[in-house]
Amino acid sequence: MVQWTEYRFGDKVKLLSGGTPSKSNSEYWDGHIPWVSTKDLVTDRIYVTKDYVTEIGAENGTRRVPAETILLSVRGMRLANELPISMAMRDVTFNQDLKAVIPDDDVDNRFLFYWFKGYAYEIRGLADEAAHGTKRIQTDRLQDYTLCLPPIETQRRIAAILSAYDDLIENNTRRIKALEQAAHDLYREWFVHFRF
């Protein structure tokens, strides 16, 4: 039987804040570095974002984190109904409504991501009201939350199994989109251009 140990979340994980480079400075925007905001936290894995910053923008007013960093929404209206969380699959920057979750060496990053998914309801319950009815999770509340962990080898095995399922889901989703596009193109040829 594997022994799981309880820890204070803040003793095992560091939370980093992001920011927004000045929108009035055109040198900061429309570059090649993804800038993540809550609107991008719609899938488990982030490859692309709606907004991008330049190298100069990444150094002025935001924070850059490496691939496989967990990004957690800590402020916004969506927290009333869900816990927006994703894993960046490339280097990204992010805004002030998110926290980057950086675990200690004895905590597997992917395991921690699935832990968040499993405890989403409880973590969302930490949220209180901010201005204009917006929800927020205060850092100290999250840091005081209890994190139960098995040994690192067990964390890695659990994460590998769950990641394999996510890989299958991602691949099948891509295939479905490709098939839908092929069917759309075929219908267009037959019924719009009358080329059978």
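Described below are features of the structure shown in this document. A quick note: this is a predicted structure, and the numbers were derived from the prediction, not measured.

**Describing the nonpolar core**
Move 1: If you look at the biggest cluster of nonpolar residues, it comprises 27 residues, and the most contacted ones within it are Phe9, Val101, Leu112, Trp115, Phe116, Ile123 and Ile137.
Move 2: The element best represented in this core is helix H3 (residues 109-118), accounting for 6 residues.
Move 3: Ignoring anything within four residues of it in the chain, the contact list for Ile123 reads Leu83, Trp115, Phe116, Ile137, Leu142 and Tyr145.

**Observations regarding the side chain of Asp128**
Move 1: With respect to the element layout, Asp128 can be found in strand E12 (residues 128-129).
Move 2: At 2.5 Å, the side chain of Asp128 and the side chain of Gln138 are in polar contact.

**Section: the sheet that holds strand E13 (residues 135-136)**
Move 1: Across the sheet, 3 strands lie side by side as E8-E13-E12; this open sheet has antiparallel pairing. This sheet does not close on itself; its edge strands, each paired only once, are strand E8 (75-76) and E12.
Move 2: Bridge count for E12 against E13 is 2 bridges, and the pairing is antiparallel. Along E13, the bridge assignment pairs Glu129 with Lys135.

**A look at unusual backbone geometry**
Move 1: Here the phi dihedral of Asp30 falls at roughly 65°; this positive angle occurs in a residue that is not glycine.
Move 2: Relative to the assigned elements, Asp30 resides in strand E3 (residues 29-36).
Move 3: Given a relative accessible area of 74%, Asp30 falls into the exposed group.
Move 4: With a phi angle near 70°, Glu68 is a residue other than glycine that sits in the positive phi range.
Move 5: Note on placement: Glu68 falls in the loop between strand E6 (63-65) and strand E7 (70-73).
Move 6: By relative accessible area, which is 41% here, Glu68 ends up partly exposed.

**Things to note about the sheet that holds strand E11 (residues 98-103)**
Strand-to-strand pairing in sheets goes through backbone hydrogen bonds, with the strands running parallel or antiparallel.
Move 1: The strand order across the open sheet built from 5 strands is E2-E11-E7-E9-E4, with neighbouring strands paired in mixed fashion. In this open sheet, the two edge strands, each paired with only one partner strand, are strand E2 (13-17) and strand E4 (45-46).
Move 2: Sheet analysis places E7 next to E11, joined by 4 bridges and oriented antiparallel. Along E11, the bridge assignment pairs Ile70 with Val101.
Move 3: Its contacts with the sheet put H3 on E2, E4, E7, strand E9 (85-88) and E11, and the angle it makes with E9 is roughly 165°.

Cut-offs used in this document
The written sequence of each chain sets the order in which its residues are numbered from 1. Residues qualify for local features only when their pLDDT is at least 70, as the model is predicted, and side-chain atom pairs are given and counted only at 80 or more; totals for whole chains, interfaces and linings, by contrast, use all residues. Excluded from the side-chain calculations are hydrogens and water; all other atoms, namely the structure's heavy atoms, are used. Throughout, nonpolar core names a set of buried Ala, Val, Leu, Ile, Met, Phe, Trp, Tyr and Cys residues whose side chains join them through atoms within 4.5 Å. The rule is simple: take the accessible area with a 1.4 Å probe, protein chains only, and divide by the maximum for that residue type; under 20% is buried, over 50% is exposed, in between is partly exposed. We count a stretch as a helix when DSSP gives it H or I for four or more residues in a row; a strand needs E for two or more, and each element gets its number in order from the N terminus. Contact definition: two residues touch when any of their heavy atoms are within 4.5 Å. Residues adjacent in sequence count toward polar contacts only when both atoms are side-chain atoms; beyond that, a polar contact is any pair of N or O atoms within 3.5 Å, and within protein one must be able to donate a hydrogen and the other to accept it. Strand pairing is assigned whenever DSSP identifies at least 2 bridges connecting the two strands. The angle between two axes is taken between their N-to-C directions and runs from 0 to 180 degrees, where each axis is a line fitted to C-alpha atoms and a helix contributes only its stretch in contact.

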